[in-house]
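Next come the chains, spelled out residue by residue.
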Amino acid sequence: MTETPTDRPSFDWANFAASLSPVEVIEEPVLIKKRSRDFFWYSPVLNAQLKKCFGDLVAVPHTKDEMRHCLQRAYETDVPVTLRGGGTGNYGQAVPLQGGLILETTKMNRILEIGDGYVRAEAGALMADVNAGLIAQGWEMAMFPSTQDIATIGGFVAGGSAGIGSIANGALREKGNIMQLKAFSLEAEPQEHVFDAEDALQLHHAWGLNGVITEVTLRTVPHRHWIGCMATFDSYEACYAAGYALATSTQIGRKLASTVEARIVAYFPRLKDHLREGKHLLVSLVPAEDMEALRALIKAQGGHLDLAMSDAERQAAKLPHVFEFAYNHTTLQVLKADRSATYQQIGVPDPADARAVVAVGAALGNDVWQHHEFARVDGKIVAFDLPIIWFTDEARLREIDKTYEAHGHSVADAHTYFVEGGGLKNADYRHLAWKKRMDPKGLLNPGKSRAWEDVKHLPAEEIEAKAKG
């Protein structure tokens with residue numbers, strides 16, 4: 001392992017901080033520790049592994065020139081660099097395993113251009129601000145995370161994969177969703193590289209391992225008047241079936257379809273006076289013009305439409321967005337009350353088979369509560385389970401994984417900080433080839449790739465050749 005400043009007691013961080021001038025720096029230990037954390041504590045496994053990992057200094061560049069200066073100084077002194085946006089990742093993406101410099105992008109937050117079907121913004125722009133700017137001009141994000149109020153657009157591209165809107169517009173990686181990325185290399189003279197269309201996937205979902213994203217251009221879609229809807233059902237099978245029916249409907253536009261077991265809904269106190277008690281929940285966003293069709297679908301599936309509000313009505317009622325009860329915000333709602341909960345990421349083999357979904361739920365036991373999301377991937381509707389798991393130990397967690405797998409489900413482990421350990425599974429040698437080109441010393445987010453240690457001595461072309469078999 002390359003020696004890091006953390007390993008060198010004599011490294012002069014005060015001098016290094018001064019050398020970054022005029023860039024804003026944060027030197028207070030308490031604030032550095034806060035900037036060294038993301039939402040890895042959703043996982044008790046990751047919490048035990050990462051809770052003592054901290055950076056040594058935070059730099060907050062306001063411009064590309066300031067960012068370039070920080071990267072140049074890091075290269076000259078072999079300082080590890082960890083990129084941080086809003087810190088909303090769940091796997092320790094923004095946690096500096098080897099100390100060093102944290103580069104926070106939140107002051108590089110300008111919306112640069114809104115055009116016909118696209119938006120271009122600096123990496124640190126908040127997703128909520130981007131969406132608000134788009135809506136004012138008749139557009140909206142094709143998808144966004146449930147954490148949009150604090151998530152940055154660069155962080156979403158670097159660490160995310162799907163979100164609210166993916167049921168209509170696919171995952172981020174699908175053709176046309178990421179239109180362009182710009183990113184700095186970390187070398188003696190940092191260069192800004194432009195990655196268009198398919199080439200942008202070389203940096204997408206690489207956690208900042210292979211380039212420092214500076215600008216993002218994403219596809220947008222025409223804005224629609226969305227109604228936040230919540231429907232309840234007597235059984236989870238009926239609830240899930242209704243979710244699938246909504247996801248596959250050709251008569252109803254939808255931006256979200258999420259189903260939540262009644263046991264989880266009990267942890268949503270802000271909805272207490274708005275939902276039938278003890279029922280299973282379908283959460284959705286549907287265009288105003290399709291509401292009659294939604295009501296008919298809910299009725300046909302044996303459910304009851306408990307709540308349907310425009311954004312203005314929601315604000316007047318002082319309720320959260322409906323998507324704050326979907327995706328991993330569902331996990332957060334439970335964790336607010338009980339930190340012994342965690343989650344996992346599970347792929348459903350046949351999203352149309354509600355009975356099979358209920359059957360695996362019964363086989364899992366009382367410490368696993370189901371929650372499903374529907375999305376579109378490669379043009380097909382898929383479902384994935386983000387269950388609430390009442391954690392006892394890792395052995396039980398892995399037993400739960402095996403139960404899912406025995407029922408044909410796939411597991412994308414949410415309890416590892418390696419980029420290859422979750423949904424990616426195997427090494428992405430295209431990412432690693434670009435890491436070699438963009439980060440020859442391996443200073444960007446070191447320790448997050450298992451495979452890098454095996455190939456870092458190779459030229460980029462040889463690493464890329466491994467991707468071709």
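Residues numbered from 1 in each chain as written. Predicted model: local features only at pLDDT ≥ 70, side-chain atom pairs only at ≥ 80, totals over all residues. Heavy atoms only, no water.

**Q** Can you lay out the nonpolar core for me, pointing to particular residues and giving the numbers?
**A** With 73 residues, the main nonpolar core has Leu181, Leu218, Met230 and Leu256 as its most contacted residues. If sequence neighbours within four positions are ignored, leucine 218 has contacts with Gly117, Tyr118, Val119, Met141, Ile153, Val157, Leu172, Asn177, Ile178 and Met179. (Core = buried A, V, L, I, M, F, W, Y, C linked by side-chain atoms within 4.5 Å. Buried < 20%, exposed > 50% of the residue type's maximum accessible area, 1.4 Å probe, protein only. Contact = heavy atoms within 4.5 Å.)

**Q** Summarise the environment of serine 235; cite the residues concerned and give the values.
**A** Within the secondary structure layout, serine 235 lies in the loop between strand E11 (226-233) and helix H8 (236-248). With 34 residues separating them along the chain, serine 235 and leucine 201 place their C-alpha atoms 41 Å apart. At 3.1 Å, the side chain of serine 235 and the backbone nitrogen of alanine 238 are in polar contact. (Helix = DSSP H or I, 4+ residues; strand = E, 2+ residues; numbered from the N terminus. Polar contact = N/O pair within 3.5 Å; in protein donor to acceptor, adjacent residues only side chain to side chain.)

**Q** Before we move on, can you summarise the sheet that holds strand E21 (residues 410-412) with the specific residues and values?
**A** Sheet strands pair by backbone hydrogen bonding; their relative direction is either parallel or antiparallel. With antiparallel pairing, eight strands are arranged side by side in an open sheet as E14-E11-E13-E12-E18-E19-E16-E21. Edge positions in the sheet fall to strand E14 (304-309) and E21, since each of these pairs with one other strand and no more. Going from strand to strand, the sheet's axes swing by 25 degrees on average, the running direction of each strand aside. Summarising the sheet, E11 and strand E13 (residues 280-287) pair through eight bridges and their orientation is antiparallel. Counted as the bridge partner of alanine 231 is leucine 282 from E13. Across the face of the sheet, helix H10 (residues 291-300) comes into contact with E11, E13 and E14 while running at roughly 155 degrees to E14. (Pairing = 2+ DSSP bridges. Axes fitted to C-alpha atoms, helices over the stretch in contact; angles between N-to-C directions.)

**Q** Break down the pattern of salt bridges for me, citing the residues and quoting the values.
**A** Under the definition given, this model contains 30 salt bridges. A salt bridge links glutamate 277 to lysine 272, with the shortest nitrogen-to-oxygen separation between them at 3.3 Å. Residue class for glutamate 277 comes out exposed when judged on its relative accessible area of 61%. On the basis of relative accessible area, lysine 272 is assigned to the exposed category, the value being 52%. For the salt bridge of arginine 295 with glutamate 292, the shortest nitrogen-to-oxygen distance reads 3.1 Å. Here glutamate 292 and arginine 295 lie together in helix H10, a separation of three residues that amounts to about one turn. (Salt bridge = Lys/Arg side-chain N within 4 Å of Asp/Glu carboxyl O.)

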